[in-house]
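Listed below, chain by chain, are the residues.
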Amino acid sequence: MLASYQTNGVRVSLACWSAFVAFRTEGFSISIDDFGTGFSAFVYLKHYPIHEIKIDRQFIQATENDPTGNVIVQSIIELARGLGLKTVCEGIETDSQRRTLKKLGCDEMQGYHFSRPLPIEELEQWIAEYETT
């Protein structure tokens, strides 16, 4: 059985935590994906050596013409910044979303607005074209 400890109601596997620390030591970045949904909890921000949080697309979709959605996203971005973490906003589909998230201070963005998933050959070409613009 793996050793673990309980903190604030969250059971943290020592093996998992140790693996995260080892990855960070080797220079890898650790992200919490789909932040704000499912099993992502604020306590993970305190107990795991993460580098960034990826804000779930359902919050991003709410930013257009939705002041409440903007407040939630901006709060997550400010929380991350206060903890020294980067933010990645997922699911950007429009230029309006991109502009709004840039104003809110998002560090990085991803989504169909920039590109759909590509086979490796097309990705290499896309990167080459992107770097020249």
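One can find the structure itself at the top, above this paragraph.
Residues numbered from 1 in each chain as written. Predicted model: local features only at pLDDT ≥ 70, side-chain atom pairs only at ≥ 80, totals over all residues. Heavy atoms only, no water.

A. Quick look at the nonpolar core. Ranked by size, the top nonpolar core spans 20 residues in total, and within it I50, I53, I55, V73 and L101 carry the most contacts. Put simply, the parts of the chain that give this core at least two residues each are strand 3 (31–35), strand 4 (52–55), helix 3 (57–61), helix 4 (67–82) and helix 5 (95–104). (Core = buried A, V, L, I, M, F, W, Y, C linked by side-chain atoms within 4.5 Å. Buried < 20%, exposed > 50% of the residue type's maximum accessible area, 1.4 Å probe, protein only. Helix = DSSP H or I, 4+ residues; strand = E, 2+ residues; numbered from the N terminus.)

B. Fine view of unusual backbone geometry. Phi is positive for D34, which is not a glycine, with a value near 55 degrees. Tracing the chain through its elements places D34 in strand 3. Here D34 falls in the partly exposed class, since its relative accessible area comes to 30%.

C. The arrangement of a nonpolar patch on the surface in detail. On the surface, F114, I120, L123, W126, I127 and Y130 cluster together into a nonpolar patch covering about 540 Å² of accessible area. Assignment of secondary structure puts Y130 in helix 6 (residues 120–131). With a relative accessible area of 55%, Y130 lands in the exposed category. (Patch = residues over 30% accessible without salt bridge, like charges linked within 9 Å, V, L, I, M, F, W, Y side chains within 5 Å. Areas by Shrake-Rupley, 256 points an atom, 1.4 Å probe, with all protein chains shown as cover. Salt bridge = Lys/Arg side-chain N within 4 Å of Asp/Glu carboxyl O.)

D. Up close: the sheet that holds strand 5 (residues 86–89). One open sheet holds the 4 strands; their spatial order is 3-4-5-6, and the pairing between them is parallel. The open sheet has two edge strands with one neighbour each: strand 3 and strand 6 (108–109). By the bridge criterion, 3 bridges tie strand 3 to strand 4 in an arrangement that is parallel. Residue pairing across strands places S31 opposite E52, the latter belonging to strand 4. The sheet contacts of helix 4 involve strand 3, strand 4 and strand 5, and relative to strand 4 the element is tilted by about 175 degrees. (Pairing = 2+ DSSP bridges. Contact = heavy atoms within 4.5 Å. Axes fitted to C-alpha atoms, helices over the stretch in contact; angles between N-to-C directions.)

E. Molecular detail of the packing of aromatic side chains. If you walk through the whole model with that rule in mind, you get 2 aromatic pairs. Ring centres of F23 and F28 lie 5.8 Å apart, and the angle between their planes is 75 degrees; this geometry places the pair in the edge-to-face category. Arranged with centres 5.4 Å apart and planes meeting at 10 degrees, the rings of W126 and Y130 form a pair that is stacked. Of this pair, W126 and Y130 both sit in helix 6, 4 residues apart, which is roughly one turn of the helix. The ring of Y112 has R116 sitting right over it, with the charged end atom 3.9 Å from the ring centre. (Phe/Tyr/Trp six-rings, centres within 6.5 Å; stacked < 30°, edge-to-face > 60°. Lys NZ or Arg CZ within 6 Å of the ring centre and 35° of its normal.)

F. Geometry of the pairing of strand 5. Relative to strand 5, strand 4 is paired through 4 bridges, and the arrangement is parallel. Directly across from K54, in strand 5, lies its bridge partner V88. One ladder, built from 2 bridges, connects strand 5 with strand 6; its direction is parallel. Bridged to C89 within strand 6 is M109.

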